[in-house]
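# Examination of the molecular architecture
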Amino acid sequence: MQTKVIDNKQYVFCDWRRKFVRLTPEEWVRQQFLHRLVEELNYPAARIGVEVPLTDKRADAIVYRPDLTPFILLEFKADTVPLTQTVLDQIVVYNRQLHVPYLVLHNGHQTIIARVYESSLDYLDALPPYLCE
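What you see as residue numbers is a count from 1 along each chain, following the sequence as written. Local features in a predicted model are, by the rule used here, given only for residues with pLDDT of at least 70; side-chain atom pairs are given and counted only at 80 or more, and totals for whole chains, interfaces and linings are based on all residues. Here the side-chain values reflect all heavy atoms present in the structure, with hydrogen atoms and water set aside.

### Here's the deal with helix 2 (residues 85-98)
What counts as a helix is a DSSP run of H or I of at least four residues, what counts as a strand is a run of E of at least two, and both are numbered from the N terminus. Helix span, as expected, comes to 1.5 Å for every residue beyond the first. The first and last C-alpha atoms of helix 2 sit 20 Å apart over 14 residues, in line with the 20 Å expected at 1.5 Å per residue. Relative accessibility thresholds used throughout: buried, under 20% of the residue-type maximum; exposed, over 50%; partly exposed, between the two (1.4 Å probe, protein chains only). Buried residues of helix 2: Val-87, Leu-88, Ile-91, Tyr-94, Asn-95 and Leu-98, and no others. When helix 2 is viewed along its axis, its buried side chains cluster within an angular range of 125° and face the same direction. Of the exposed residues in helix 2, the ones pointing more than 90 degrees away from its buried face are Gln-85, Thr-86 and Arg-96. Here, the arc refers to the directions that run from the helix axis to the C-beta atoms.

See the structure below:
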């Protein structure tokens, strides 16, 4: 990842937004995870949206299918923020608009992956392969 300092503040180049953004602890976690999706798990970079607008919020990232329907909703937290029920509730609320089949929470230390069913979540040990359904 390419970084630079502007006015004594660290920035990282976000390949998905095609610009330098402030390198906050949450942004570091996001960039590391998204690069892992692409480089290690062969998710196509062109099918990942970052800071995707929702009705009144923004999704940290969404992985899209080839037909551009949402496949995975991702929520990132700084490595000092625990993944609690409140964080899980946040991504579930976001998903009411998107109806994705998979949710991912990640804070750099812990990852929670869930398959969404009509009224329940099934927790998984690994991310699905791209377009595995």
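Here the narrative resumes, following the displayed structure.
### Re the nonpolar core
Nonpolar cores are built from buried Ala, Val, Leu, Ile, Met, Phe, Trp, Tyr and Cys residues. Side-chain atoms within 4.5 Å join them into one set. Ranked by internal contacts, the top residues of the largest apolar core, which has 21 residues, are Leu-34, Leu-37, Val-63, Ile-72 and Leu-74. Elements with a minimum of two residues in this core: strand 2 (9-14), helix 1 (25-39), strand 4 (48-53), strand 5 (58-64), strand 6 (70-76) and strand 7 (102-106). A contact between two residues is defined here by any heavy atoms of the two lying within 4.5 Å. In this structure, Val-63 is in contact with Leu-37, Tyr-43, Arg-47, Ile-48, Thr-69, Pro-70, Phe-71, Ile-72, Leu-74 and Tyr-130, ignoring residues within four places of it in sequence. Of all hydrophobic cores here, the second largest spans 17 residues; its members include Leu-54, Leu-73, Leu-88 and Leu-98.

### Digging into the sheet that holds strand 3 (residues 19-22)
Paired strands, as defined in this entry, are two strands with at least two bridges between them according to DSSP. In spatial order, the strands read 1-2-3; together these 3 strands make up an open sheet with antiparallel pairing. In this open sheet, the two edge strands, each paired with only one partner strand, are strand 1 (3-6) and strand 3. Averaged over all neighbouring strand pairs, the angle between strand axes comes to 40°, with direction disregarded. Bridge count for strand 1 against strand 2 is 4 bridges, and the pairing is antiparallel. Paired with Ile-6 across the two strands is Lys-9, which belongs to strand 2. Orientation is described by axes fitted as lines to C-alpha atoms, over the contacting stretch for helices, and by angles from 0 to 180 degrees between their N-to-C directions. In the packing of helix 1 onto the sheet, the strands contacted are strand 2 and strand 3, and the crossing angle to strand 2 comes to about 25°.

### Some thoughts on unusual backbone geometry
Working note: non-glycine residues mostly have negative phi, and peptide bonds are mostly trans. Non-glycine residue Arg-18 carries a positive phi angle of around 55°. With respect to the element layout, Arg-18 can be found in the loop between strand 2 and strand 3. Overall, the relative accessible area of 68% leaves Arg-18 in the exposed class. Of note in this structure, Glu-51 is not a glycine but carries a positive phi near 55°. Take Glu-51: it is sitting in strand 4.

### Quick word on the sheet that holds strand 4
Strand pairing in a sheet relies on backbone hydrogen bonds, with the paired strands running either antiparallel or parallel. As summarised here, the arrangement of the 6 strands in space is 4-5-6-7-8-9, forming an open sheet in which the pairing is mixed. Among the strands making up the open sheet, the edge pair consists of strand 4 and strand 9 (121-124). Adjacent strand axes in the sheet meet at a mean angle of 30° when their direction is disregarded. Bridge count between strand 7 and strand 8 (residues 111-116): 5 bridges; the pairing is antiparallel. Opposite Leu-105, over in strand 8, you have Ile-112 as the bridge partner. Of the strands in this sheet, strand 4, strand 5, strand 6, strand 7 and strand 8 are in contact with helix 1, which crosses strand 6 at around 145°.

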